[in-house]
Amino acid sequence: MAFREIKAEELQFNPFTKIGKEWMLITAGDEKKHNTMTASWGAMGVMWGKNVVSVYLRPQRYTKEFVDAGELFTLSFYSEEQRSALNICGTKSGRDCDKEKEAGLTPYYTDGTTAFEEADMIFVCRKLYSQEMGPEYFTEDGIDGKWYPDKDYHVMYMAAVEKVLVKENAGE
């Protein structure tokens, strides 16, 4: 599958829809070993003079081990036709099965990290910052009890968007 690089400033989409409704895959690791997971929490913006994304990973997620081990990871976005693949990647662990095979995804290696050929758009991201979230930082009542009954607080990763790749002939 052919991708072409565009500037992040050329993107035209609603990030609330793209992340929260359409979802994305967070993938880290290389050709030797990698893992992916579905995410519907994240953010996009500008920080420290860079185009950035932030993603949030619970400590038990296998993908977190790969994000922690390397400098780069990818965020990849898909059409609705890939919804079942995103469901598989969000409900199964790469520790227990070959999620890529079950989801029908084909690895696409770029810049020393991994995404998938079925993606419509890929962000290659370089980690800049990470911090564990905790109840002492919540300023709204109920967040801790509703989202963290097991006290498995997310780690927030902020990353620079190093490259944006779009599928040839795919709408941006």
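Residues numbered from 1 in each chain as written. Predicted model: local features only at pLDDT ≥ 70, side-chain atom pairs only at ≥ 80, totals over all residues. Heavy atoms only, no water.

Engineer: Which residues make up the packing of aromatic side chains, and what values do they have?
Structural biologist: Evaluation of the coordinates by the stated rule reveals nine aromatic pairs. With centroids separated by 6.5 Å and ring planes inclined at 40°, the aromatic side chains of Phe-13 and Phe-77 adopt a geometry described as tilted. Of this pair, Phe-13 sits in the loop between strand 1 (3-6) and helix 1 (15-20) while Phe-77 sits in strand 6 (residues 72-77); the two residues are 64 residues apart in sequence, bridging distant segments of the chain. On the basis of relative accessibility, which here comes to 25%, the residue Phe-13 falls in the partly exposed class. What makes Phe-77 buried here is its relative accessible area of 1%. Among the aromatic residues, those joined into a cluster by ring pairs are Phe-13, Phe-77 and Phe-123. (Phe/Tyr/Trp six-rings, centres within 6.5 Å; stacked < 30°, edge-to-face > 60°. Helix = DSSP H or I, 4+ residues; strand = E, 2+ residues; numbered from the N terminus. Buried < 20%, exposed > 50% of the residue type's maximum accessible area, 1.4 Å probe, protein only.)

Engineer: Mind laying out the nonpolar core, listing which residues take part and the relevant values?
Structural biologist: The biggest cluster of nonpolar side chains holds 26 residues, and the ones touching the most others in it are Ile-26, Phe-73, Leu-75, Phe-123 and Val-164. Put simply, the parts of the chain that give this core at least two residues each are strand 2 (24-29), strand 3 (34-39), strand 5 (50-57), helix 2 (62-69), strand 6, strand 9 (121-132) and strand 10 (155-167). Ranked by the residues each element gives to this core, the list is headed by strand 10, at six residues. Aside from chain neighbours lying at most four places away, what touches Val-164 is Arg-4, Glu-5, Ile-6, Ala-8, Leu-11, Met-121, Ile-122 and Phe-123. Judged by nonpolar contacts, the second largest core, of 16 residues, contains Phe-3, Leu-86, Tyr-108 and Ala-115. (Core = buried A, V, L, I, M, F, W, Y, C linked by side-chain atoms within 4.5 Å. Contact = heavy atoms within 4.5 Å.)

Engineer: Provide a residue-level description of the side chain of Lys-167, including the pertinent values.
Structural biologist: Within the element layout of this structure, Lys-167 appears in strand 10. For Lys-167, the side chain forms a polar contact with the main-chain oxygen of Glu-118, separated by 3.3 Å. (Polar contact = N/O pair within 3.5 Å; in protein donor to acceptor, adjacent residues only side chain to side chain.)

Engineer: How would you sum up helix 2? Please name residues and give values.
Structural biologist: Buried within helix 2 we find Tyr-62, Thr-63, Lys-64, Phe-66 and Val-67. Taken together, the buried residues of helix 2 touch strand 2, strand 3, strand 5, strand 6, strand 9 and strand 10.

Engineer: Talk me through the environment of Pro-15; I want residue IDs and the actual numbers.
Structural biologist: Mapped onto the secondary structure, Pro-15 falls in helix 1. Considering only alpha carbons, one finds Pro-15 and Ile-88, 73 residues apart in sequence, at a separation of 23 Å. Residues in contact with Pro-15, not counting those within four places in the same chain, are Gly-20 and Met-44.

Engineer: Give me helix 3 (residues 83-91): which residues, what numbers.
Structural biologist: The set of residues buried in helix 3 consists of Arg-83, Ala-85, Leu-86, Ile-88 and Cys-89. Elements in contact with the buried residues of helix 3: strand 2, strand 3 and helix 4 (99-103).

Engineer: So what's going on with the pattern of salt bridges? Residues and values would help.
Structural biologist: Pairing between side chains of opposite charge can happen when their charged atoms approach one another. Under the counting rule described, the total for this entry stands at twelve salt bridges. A salt bridge links Glu-162 to Arg-126, with the shortest nitrogen-to-oxygen separation between them at 3.6 Å. In this pair, Glu-162 is assigned in strand 10 and Arg-126 in strand 9, connecting sequence segments 36 residues apart. Look at Glu-162 and you get partly exposed, because its relative accessible area is 42%. A relative accessible area of 29% means that Arg-126 is categorised as partly exposed. Lys-151 serves as the salt-bridge partner of Asp-144, at 2.9 Å between the closest nitrogen and oxygen. Taken together, the shared-partner salt bridges in this structure form one network comprising Glu-71, Arg-126 and Glu-162. (Salt bridge = Lys/Arg side-chain N within 4 Å of Asp/Glu carboxyl O.)

Engineer: Outline a nonpolar patch on the surface, supporting the account with residue identities and numerical values.
Structural biologist: A contiguous nonpolar patch, built from Met-47, Trp-48, Leu-128 and Tyr-129 and spanning about 380 Å² of accessible area, is present on the exposed surface. Classification of Tyr-129 as partly exposed rests on a relative accessible area of 33%. (Patch = residues over 30% accessible without salt bridge, like charges linked within 9 Å, V, L, I, M, F, W, Y side chains within 5 Å. Areas by Shrake-Rupley, 256 points an atom, 1.4 Å probe, with all protein chains shown as cover.)

Engineer: A description of the side chain of Thr-63 should follow, citing residues and the corresponding values.
Structural biologist: Looking at the element boundaries, Thr-63 is found in helix 2. At 3.3 Å, the side chain of Thr-63 and the backbone oxygen of Thr-36 are in polar contact.

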